[in-house]
Amino acid sequence: MKKYFILTAVFALLTSMLFAQTETGELPYSFGMKGISQSVDVQMMPATNVEKLLNEDASVQEKSRPLRMGIGYKVDKTFDNAGRKDITEDGGTLWRAKFVSEGAVMTYLVLDKLNIPAEGKLFVYSPDREQVYGPYTNADIQEVGAMETDNIIGDELILEYYEPANAAFKGEINIAAVMHVYRDFLGVRDDSKGPIGTADGNCHIDVVCPDAQGWNYPIKSVVCIGITAYVPSEGGYAGFLCSGATVNNVRMDKTPYVLTADHCIESDNQTHKFYFNYQTYDCGGNTGNYKVTNGGTIVARSNTTNSMAASDFALLKITGSLSVTFRDSIFFAGWDRSGASSVGSGIHHPGGDWKKISFPQSISAPTTGQMANKYFVVHWKTNPNEGVTEQGSSGSPLFNANQLIIGTLTSGSSYCDYPQGTDNYGRMSYHWTNNNNSNNNRKLQPWLDPDNTGVMYLPGMKYDGSVVGIQDHNLKATTFDIYPNPAQDGFVTIQGEFMSEEAVCNVYNTMGQLVMSRTVTTDATFTLNVSSLENGVYFVELVGSERNYKSKLVIAR
């Protein structure tokens, strides 16, 4: 059996993700048992013709298609037809099943049934026990009725389930498929990523290069999305890659929405992984890092068989946990839905590679046809070439000069060898209502502006709640409560631990402009007249003699 030993060049990458699901310190039951047999029945997958798969991929390098990275073998394995069962000393049941798909860069499992009691513990790990993920519970099953395990590097993995004798009921598990990842998009093999990684071209700019200075926050919002779906045209399960970005909503409540492309939806029943901070350590380097969370659901999508008939968007919601080890580095990107454009940047994962940044020469609109008000056409810089996009960049955000998302990548003809090609980005302005679609699952507005404030643009936000781009409001200050919030009439009540004094109340809009200022008496509770303010998001500041107080206000009449 082929084993892949991870060398020093990628050791730091591995240590960032091993035991990613074991923050509780729990380990599989068998790890603590002495004298237990390690002889576990092996389920061998068919031989995989990787050359054939790569040739197929090379013939379909359209940006209007997600990038395939793996295939799945249907197995339908349960306690009764696979693995080894042992009765433990405490009367419990220990079940282990080993799966091998020779030559795989990584393997993982798709479960279409996971019904286990609270006392049950399910783990997946590598045979050498150096990679361990779990415990998985019923909560890991997504709305589509399936889940996928975390990636195990190499071509072998073991699934282990322990159920104590006093469990509330007998668990049920069905393994639907064993996934064989043949594209080393994460660079886990020492020799997989050369100077240009897994991208096809060499014109891409790493997001840690000097060219990307000033774009730190938008860069943090961009993620690589792993997609697993049962696709009849593929003859079974397949894995794909797209790009996307975590986006802010008007309530600024840190709902983990990810904006991508509708053509990245292979099935309504697909499962997801989200790779954060997936970028190189050095400019031009070929080693890097990432953090991953497992689980997502489809919230809204344009849902059309003709990508030119709509704006080709999809909004996902992360259902997996955002680990404390990396969530403070997450950024919820702001957006501009006005329909206006200005030259900013495109940030993406070409070929599933390390995160890159590309700089447009100009942005225009199609002049005729059904695309006219739905897309932006991006012309890239060619002399010198400062990046383009590739398959795998699908769904990635286009930012304007204010670092707000104005579009998402849907198709195009640009490549490093053809930088004069153009790319099409579906407009946020059309995503917003998808031509006034009456179905909430076919537009962005109900999700990104659930109170229907009507705001045209929204700044980005860090995970700690501080707003980026509004410098006056990033200062540390004591917060206070405003209610009702969102406000629906002319007055709001402000409550907090204030010094009793006269203070200045300043209200700023999301561009940092002062829109209202008046003197108030800061009792423990007082009212504020906001009838002069239009619908939108505001920042309320109280400036006292010794302390400042700040909070957010949404007006939605």
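This text goes with the structure placed above it.
Thresholds applied
- Residues numbered from 1 in each chain as written.
- Predicted model: local features only at pLDDT ≥ 70, side-chain atom pairs only at ≥ 80, totals over all residues.
- Heavy atoms only, no water.
- Helix = DSSP H or I, 4+ residues; strand = E, 2+ residues; numbered from the N terminus.
- Buried < 20%, exposed > 50% of the residue type's maximum accessible area, 1.4 Å probe, protein only.
- Pairing = 2+ DSSP bridges.
- Axes fitted to C-alpha atoms, helices over the stretch in contact; angles between N-to-C directions.
- Contact = heavy atoms within 4.5 Å.
- Salt bridge = Lys/Arg side-chain N within 4 Å of Asp/Glu carboxyl O.

As for the environment of T479
Positionally, T479 belongs in strand 31 (residues 478–479). Between the C-alpha atoms of T479 and Q495, which are 16 residues apart in sequence, the distance is 9.8 Å.

Re unusual backbone geometry
With an omega of 0°, the peptide bond between N383 and P384 qualifies as cis. Following Y483, the chain continues into P484 via a peptide bond in cis, with omega recorded as -5°. The phi torsion at Q403 lies on the positive side, around 65°, for a residue other than glycine. When you line up the elements, Q403 lands in the loop between strand 26 (397–399) and strand 27 (405–412). For Q403, a relative accessible area of 23% puts it in the partly exposed group. Despite not being glycine, N435 shows a phi value in the positive range, around 60°. Tracing the backbone through its elements, the reader meets N435 in the loop between helix 4 (428–431) and helix 5 (445–448). On the basis of relative accessibility, which here comes to 55%, the residue N435 falls in the exposed class.

Some points on the sheet that holds strand 31
Pairing in this open sheet of 5 strands is mixed, and the strands run 31-38-37-34-35 from one edge to the other. Strands with a single pairing partner mark the edges of an open sheet, and in this sheet they are strand 31 and strand 35 (514–521). In this structure, strand 34 (residues 502–509) lies alongside strand 37 (residues 536–543), joined through 6 bridges in antiparallel fashion. What sits directly across from N509, in strand 37, is Y538.

Concerning the sheet that holds strand 33 (residues 491–495)
Taken in spatial order, the 3 strands of this open sheet run 32-33-36, and their pairing is antiparallel. Looking at the sheet topology across the chains shown, the edges are occupied by strand 32 (481–483) and strand 36 (525–529). Pairwise comparison of adjacent strand axes, ignoring direction, gives a mean angle of 30° for this sheet. As defined by bridge partners, strand 32 adjoins strand 33 across 3 bridges and the pair is classed as antiparallel. By the bridge assignment for strand 33, I482 is matched with I494.

Brief notes about the side chain of T297
Its place among the elements puts T297 in strand 18 (residues 296–301). Beyond its immediate sequence surroundings of up to four residues, T297 is in contact with E143, H272, L315, L316, K317 and T319.

Brief notes about the pattern of salt bridges
By the definition in use, this model includes 20 salt bridges. The partner of R183 in a salt bridge is D57, with the nearest N and O atoms 2.8 Å apart. Of this pair, R183 sits in the loop between strand 11 (172–181) and strand 12 (205–206) while D57 sits in helix 2 (residues 50–58); the two residues are 126 residues apart in sequence, bridging distant segments of the chain. In terms of burial, R183 and D57 fall into one category: buried. Notably, a salt bridge pairs K273 with E148, separated by 2.3 Å at the nearest N-O pair. Of this pair, K273 sits in strand 16 (residues 271–280) while E148 sits in strand 8 (residues 147–148); the two residues are 125 residues apart in sequence, bridging distant segments of the chain. Each member of the pair, K273 as well as E148, carries the same accessibility label: buried. Here the residues in one salt-bridge network are K52, E56, D57, R68 and R183, joined through shared partners.

Some words on the pairing of strand 4 (residues 93–100)
In terms of burial, strand 4 is a largely internal element, 7 of the 8 residues being buried. Of the strand pairs in this sheet, strand 1 (residues 42–44) and strand 4 are connected by 3 bridges, and their pairing is parallel. Directly across from M44, in strand 4, lies its bridge partner V100. As defined by bridge partners, strand 3 (residues 84–87) adjoins strand 4 across 4 bridges and the pair is classed as antiparallel. Residue pairing across strands places D86 opposite L94, the latter belonging to strand 4. As paired elements, strand 4 and strand 10 (residues 156–163) share 8 bridges and run antiparallel to each other. When the bridges of strand 10 are listed, A97 appears paired with L159.

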